[in-house]
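A closer look at the structure
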Amino acid sequence: MAIWKAVDGAPAERLSGPSVVTIGVFDGVHRGHQSVLAAVRQKADEMGATAVAITFDPHPVAVLAPQKAPKRLTTIERRVELLRGHGAGEVRVLAFSAEMSAWTPEEFIQRVVVDQVGCRHLIVGENFRFGKRAAGSVDTLREAGARDGFGVEGWTLVGDGKAFSSTRARAAIAAGDMTAAAAVLGRPHELSGTVVPGDRRGRQLGYPTANMPVDESFAVPPDGVYAAHLVRADGTRLPAAVSVGTNPTFEGVSGRRVESYVLDRDDLDLYGEAVRVEFVERLRPMVAFASVDALTAQMDEDVAATRRVLDAGH
């Protein structure tokens, strides 16, 4: 079916053999999602089946009510990587569309759960809704499972007093509280992108930066300076002081940027490289300085603060 695709857009074949399945958007693959994936992995091992995660791209809200679309926590490629890393043996990306939103719950179950993955057991969040006007629920799935031969569990997402959720992670990021965001996600919040040439002011000041344009459809932390890690395409993690914003000390800077100074390195050539920035802690807000000397003195302090935060084991 054309609705099934791999990350590169190629149609996916029907899964052969039994499977234990979970379905959801899974944006951020936070600790609540991770608890579901662990349950799926355990059940699949018990049954000798494949652990399958089915996710949607784009986000259903982005299709049905674009003005209300939530900020994305990860790219779809990173989401697939995280789903696999937390136990899914197979990840299938369902290309959500207005046409699909009109499927009845029964049609969704038949097309997705039964026909495509040979589901023998299904585990979803207890509040999972699906089908036209979100009419389908866990009870709907249980009725279908009794008929079609698969078990169903509605999973209570774990929490630390309140449930982990993508909404909670976005709120923490919007507030600049990277520690709270990491507590929900189970890892630092991150942004991905390709390094582009900048204005080279950082190099002139002794702090060359890797510049990444900001995509405002993602959950971008507030303007400011952060202790972080820059992760290269080969997985190398480098300590970095990161500026998010427009650099108000200088005129003529257009658009927000993520500018990463890798500590103690001036020999890196990262232009054109896909990188990931992992935000550990917000150090200060973005401010305009009266002089370049004042800015440089503050950058010295920012680097020292970054070193203290990262050396503390973050």
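Notes on the structure follow. (Residues numbered from 1 in each chain as written. Predicted model: local features only at pLDDT ≥ 70, side-chain atom pairs only at ≥ 80, totals over all residues. Heavy atoms only, no water.)

This structure, assessed with the given rule, holds one cavity of 30 Å³ or more. The calculated volume of the largest cavity comes to roughly 40 Å³. Taken together, Leu73, Thr74, Thr75, Arg78, Glu190, Leu191, Ser192 and Phe218 make up the lining of the largest cavity. For the lining of the largest cavity, the class distribution of residues is three nonpolar, three polar and two charged. (1 Å grid on protein atoms, 1.4 Å probe; cavity = no way out; pocket = protein on both sides within 12 Å on 5 of 7 lines; lining within 4 Å. Points joined across faces, edges and corners; volume = space filled by probe spheres on them. Nonpolar A, V, L, I, M, F, W, Y, C, P; charged D, E, K, R; others polar.)

As for its position among the elements, Gln110 is in helix α5 (residues 105–114). Taking the C-alpha atoms as reference, Gln110 lies 8.9 Å from Ala144; in sequence the two are 34 residues apart. (Helix = DSSP H or I, 4+ residues; strand = E, 2+ residues; numbered from the N terminus.)

Next up on the list: the layout of surface pockets. As a volume, the largest pocket reaches approximately 990 Å³. What lines the largest pocket is a set of 40 residues, and nearest its centre among them are Gly24, Val25, Asn127, Phe128 and Arg129. Those elements that provide at least two residues to the lining of the largest pocket are β2 (19–23), α1 (31–47), α2 (60–64), α4 (98–101), β5 (119–125) and α7 (166–174). Residues belonging to the lining of the largest pocket are distributed by class as follows: 21 nonpolar, 13 polar and six charged.

With antiparallel pairing, the six strands of this open sheet are ordered in space as β7-β12-β9-β10-β11-β8. Edge strands, defined here as strands with exactly one partner in the open sheet, are β7 (189–194) and β8 (210–213). Within this sheet the neighbouring strands show an average axis-to-axis angle of 35°, counted without direction. In the sheet, β8 pairs with strand β11 (residues 257–262) via four bridges, with the strands oriented antiparallel. In the sheet register, Pro213 faces β11, and the bridge partner there is Arg257. Relative to the sheet, helix α8 (residues 178–185) contacts β7, β9 (224–231) and β12 (274–285), its axis offset from that of β12 by approximately 135°. Helix-sheet contacts for helix α10 (residues 292–311) involve β9, β10 (237–245), β11 and β12, and the interaxial angle to β12 is about 105°. (Pairing = 2+ DSSP bridges. Axes fitted to C-alpha atoms, helices over the stretch in contact; angles between N-to-C directions. Contact = heavy atoms within 4.5 Å.)

So, on to the packing of aromatic side chains. Taken as a whole, this structure holds seven aromatic pairs when the rule is applied. Judged by centre distance (6.0 Å) and plane angle (80°), the ring pair of Phe56 and Phe96 falls under edge-to-face. In this pair, Phe56 is assigned in strand β3 (residues 50–56) and Phe96 in the loop between β4 (90–94) and α4, connecting sequence segments 40 residues apart. The burial state of Phe56 is the same as that of Phe96; both residues are buried. Pairing Phe108 with Phe130 gives two aromatic rings, centres 5.4 Å apart and planes at 45°, and the pair type is tilted. Taken together, the residues span a long stretch of sequence, with Phe108 in helix α5 and Phe130 in the loop between β5 and α6 (138–148) at a distance of 22 residues. (Phe/Tyr/Trp six-rings, centres within 6.5 Å; stacked < 30°, edge-to-face > 60°. Buried < 20%, exposed > 50% of the residue type's maximum accessible area, 1.4 Å probe, protein only.)

That is the geometry; function is a separate question.
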